[in-house]
Amino acid sequence: MAPKSRTATSAAAAAAASRAAPQQHSSRAPVAAPPSERLNPPPFTHPPELSVPERKEGQNYASYLLSCGKAYIAFYKSGISHTRQTLKHAKALRAKLSAQGHGVSKEDPGAGVLTRAEWQVIRRSRRDLVRLPVMGFLILALGEWLPLVVVYLTPVIPEACRIPKQVQRVLSRKEAARKERLHRIGLHALRLKSLDRRPQTDENAVRLAAAVEVLLSPETKVAKEGGIPMARAIIPPDAAVDLSLFHLLLLSARLDCHPRVLDKLYLTPPKWLLQRNVGKRLAYLTQDDELIKRDGGVQALDKQELRRACVDRGIDVLGKSEAEQRKLLGQWYKM
């Protein structure tokens with residue numbers, strides 16, 4: 001009887017160990033999120049899909065317009081829901097940082113606690129917090145007629161509530177303005193250089209100026225062939241303070257830092273304003289570049305984030321495929 005007792009005891013111990021194994025495994029630290037989740041904000045931070053019905057045969061035009069208006073209202077309701085989810089998510093991320101005694105600093109986003117996706121959610125939610133009440137008022141006041149005027153109200157519309165036509169219009173105007181700025185700077189390059197001939201002695205400023213001068217070359221180039229890529233040239237971002245007026249104008253023109261009013265009046269912004277605007281943009285790009293490289297790289301960016309990253313860096317996206325955009329963004333980091 002003793003051998004059977006020992007055998008039964010061993011079997012019971014093995015069964016207990018097998019039951020305990022999953023519990024032991026579940027107590028381990030969670031596996032790190034894949035690069036796509038660390039890089040790309042959640043889908044609800046983007047606009048929902050807009051489905052506009054086609055006009056049926058024999059359908060009255062007024063009836064068709066009403067059905068289209070209802071489709072747009074459904075889109076805006078979903079967009080508002082997305083915006084509220086984004087704001088709620090951003091609030092939770094701020095609470096997460098506060099609980100750990102961190103903040104979203106300029107030098108180290110989230111003190112290393114946040115992923116690139118989380119950091120971008122916090123940044124983008126700030127403006128939408130102000131836009132959301134305005135959007136609610138517009139829906140109540142205009143109803144189904146809102147799509148007729150919304151393309152002219154883009155600055156006050158939350159990002160998740162912008163229709164495709166609206167986004168296309170903004171990108172088209174931005175790219176046209178960028179080309180016009182660079183064209184004007186090229187025509188007046190000699191005069192602009194003569195306005196500020198202060199010699200550059202700072203090594204970082206000299207390196208950045210050399211990379212910036214290539215912005216007057218064809219649009220597909222963001223740095224010299226075999227030269228230093230822009231992602232490295234803009235480090236440290238405060239090197240922009242020591243740039244000449246001509247180089248500041250080039251950077252401002254490419255990165256859309258020109259004040260809108262002065263841009264429309266074809267006036268040259270003062271140097272102190274360019275230093276402030278360009279410095280802020282370079283500081284943001286430096287942080288974003290570091291987080292993109294840390295959390296998965298350019299290849300892990302989804303379609304929406306790829307386009308946004310290109311626009312932030314002054315790279316044209318209209319008429320370009322996803323593969324072309326990814327190639328152009330890759331040139332920002334390496335040659």
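Note that this is a predicted model, so its numbers are computed, not measured. Residue positions are given per chain, counting from 1 as you read along its sequence in written order. Since the coordinates come from a predicted model, pLDDT governs what is reported: local features require at least 70, and pairs of side-chain atoms require 80 or more to be given and counted, while whole-chain, interface and lining totals use all residues. Excluding hydrogens and water, the side-chain figures rest on all heavy atoms present in the structure.

### A short note on the UniProt feature "transmembrane region" (unreviewed entry) in the chain
Alright, step 1. UniProt positions are given in the numbering used here, feature names are shortened, and annotations may be inferred rather than shown by experiment. Listed under "transmembrane region" (unreviewed entry) in the UniProt record, and renumbered for this structure, are residues 132–153.
Alright, step 2. In residues 132–153, helix accounts for 50% and strand for 0%; the two terminal C-alpha atoms are 13 Å from one another. Helix and strand labels come from DSSP, where a helix needs a run of H or I of at least four residues and a strand needs a run of E of at least two; each type is numbered from the N terminus.

### Examining the side chain of Q325
Alright, step 1. For Q325, the position within the fold is in helix α13 (residues 322–333).
Alright, step 2. Contacts are assigned to residue pairs that have any heavy atoms within 4.5 Å of one another. Leave out the neighbours within four places in its chain, and Q325 touches L306, R307, C310, V317 and K320.

### Re the packing of helix α12 (residues 303–312) against α13
Alright, step 1. α13 packs onto α12 with a crossing angle of 45° between their chain directions and a minimal axis gap of 10 Å. Here α12 is positioned oblique relative to α13, judged by the angle of their axes. As for the relative orientation of α12 and α13, their crossing is left-handed in sense. Where α12 abuts α13, its residues K303, L306, R307, A309 and C310 lie against E322, Q325, R326 and L329. Axis geometry follows a simple rule: fit a line to the C-alpha atoms, using only the stretch in contact for helices, then measure angles between N-to-C directions, giving values from 0 to 180 degrees. Oblique is the label for every angle not falling under 35 degrees (roughly parallel), over 145 degrees (roughly antiparallel), or within 65 to 115 degrees (roughly perpendicular). Should the near helix be turned anticlockwise from the far one by less than a right angle, the crossing is termed left-handed; should it be turned clockwise, right-handed.

### Here we look at the layout of surface pockets
Alright, step 1. Points on a 1 Å grid, built from protein atoms alone, make a cavity when a 1.4 Å probe fits but cannot get out and make a pocket when they are open with protein on both sides within 12 Å along at least 5 of 7 lines; residues with an atom within 4 Å of a point are the lining residues. Grid points are joined across faces, edges and corners, and a volume is the space filled by probe spheres set on the points. Of the pockets and cavities examined, the second largest pocket occupies roughly 360 Å³.
Alright, step 2. Along the wall of the second largest pocket there are 14 residues; nearest its centre are L65, Y72, E144, P147 and L148.
Alright, step 3. Of all the elements, helix α3 (residues 61–99) adds the most residues to the lining of the second largest pocket, at six residues.
Alright, step 4. Gly is placed with the polar residues, together with every amino acid not listed as nonpolar (Ala, Val, Leu, Ile, Met, Phe, Trp, Tyr, Cys and Pro) or charged (Asp, Glu, Lys and Arg). Of the residues contributing to the lining of the second largest pocket, the split by class is 11 nonpolar, one polar and two charged.

### So, the nonpolar core
Alright, step 1. L208, L243, L251, L282, L329 and W332 are the most contacted members of the largest nonpolar core, which has 48 residues in total.
Alright, step 2. Elements with a contribution of two residues or more to this core: α5 (164–187), α6 (189–195), α7 (203–212), α8 (230–233), α9 (245–254), α11 (271–295), α12 and α13.
Alright, step 3. In this structure, L329 is in contact with V298, L301, L306, A309, C310, R313 and I315, ignoring residues within four places of it in sequence. For the purposes of this section, nonpolar cores are sets of buried Ala, Val, Leu, Ile, Met, Phe, Trp, Tyr and Cys residues that join through side-chain atoms within 4.5 Å. When a residue's accessible area, from a 1.4 Å probe over protein chains only, is under 20% of the maximum for its type it is buried; when over 50% it is exposed; and in between it is partly exposed.

### Concerning unusual backbone geometry
Alright, step 1. Each neighbour pair has its own omega, and for I235 with P236 the value is -5°, a cis peptide bond.
Alright, step 2. Relative to the assigned elements, P236 resides in the loop between α8 and α9.
Alright, step 3. Notably, D256 is not glycine yet its phi reads approximately 60°, a positive angle.
Alright, step 4. Given the relative accessible area of 16%, D256 is considered buried.
Alright, step 5. Phi at Y266 is positive, roughly 55°, even though this residue is not glycine.
Alright, step 6. Looking at the element boundaries, Y266 is found in the loop between α10 (260–264) and α11.

### Some details on empty space enclosed by the protein
Alright, step 1. In the structure shown here, the tally under the stated rule is three cavities of 30 Å³ or more.
Alright, step 2. Lining the largest cavity are P41, T45, T83, T86, Q120, V121, R124, D128, E159 and A160.
Alright, step 3. When contributions to the lining of the largest cavity are tallied by element, the ones reaching two or more residues are α3 and α4 (116–142).
Alright, step 4. Tallied by class, the residues present in the lining of the largest cavity amount to three nonpolar, four polar and three charged.

### Brief notes about the packing of aromatic side chains
Alright, step 1. The rule is short: rings of Phe, Tyr and Trp, with Trp giving its six-membered ring, pair when the centres are within 6.5 Å, and they are stacked under 30 degrees, edge-to-face over 60, tilted in between. Scanning the model with the defined rule gives three aromatic pairs in all.
Alright, step 2. For the ring pair F75 and Y76, a centre distance of 5.4 Å and an interplane angle of 65° mean the geometry is edge-to-face.
Alright, step 3. Overall, the relative accessible area of 3% leaves F75 in the buried class.

### Notes on a nonpolar patch on the surface
Alright, step 1. A patch is a set of surface residues, each over 30% in relative accessible area and not in a salt bridge, joined within 9 Å for like charges and within 5 Å for the nonpolar side chains Val, Leu, Ile, Met, Phe, Trp and Tyr. Here the accessible surface of atoms and residues is derived via Shrake-Rupley with a 1.4 Å probe, and residues count as covered only by protein chains that are part of the display. Should a side-chain nitrogen of Lys or Arg be within 4 Å of a carboxyl oxygen of Asp or Glu, the pair is scored as a salt bridge. The grouping of L142, W145, L148, V149 and Y152 at the surface amounts to a nonpolar patch, some 550 Å² of accessible area in total.
Alright, step 2. Checked against the element boundaries, L148 lands in the loop between α4 and α5.
Alright, step 3. Accessibility expressed as a relative area gives 57% for L148, which makes it exposed.

### As for the pattern of salt bridges
Alright, step 1. All chains considered together, the criterion is met by 18 salt bridges.
Alright, step 2. Notably, a salt bridge pairs R124 with E305, separated by 2.8 Å at the nearest N-O pair. Separated by 181 residues along the polypeptide, R124 in helix α4 and E305 in helix α12 bring together distant segments of the chain. With respect to burial, R124 and E305 carry one shared label: buried.
Alright, step 3. The partner of R184 in a salt bridge is D263, with the nearest N and O atoms 3.6 Å apart.

### Focus: the side chain of E118
Alright, step 1. Of note, E118 is situated in helix α4.
Alright, step 2. When its relative accessible area of 16% is taken as the criterion, E118 is described as buried.
Alright, step 3. If we skip the residues at most four places from it in the chain, E118 touches L93, K96 and V113.

### Some points on a positive patch on the surface
Alright, step 1. The positive count covers Lys and Arg only, the negative count covers Asp and Glu only, and His and the chain ends enter neither. To locate a charge, take NZ of a lysine, CZ of an arginine, CG of an aspartate or CD of a glutamate. A contiguous patch of positive charge on the surface is contributed by R94, R123, R126 and R127.
Alright, step 2. Among the elements that take part in the positive patch, α4 stands out by supplying three residues, more than any other.
Alright, step 3. Tracing the backbone shows R123 in helix α4.

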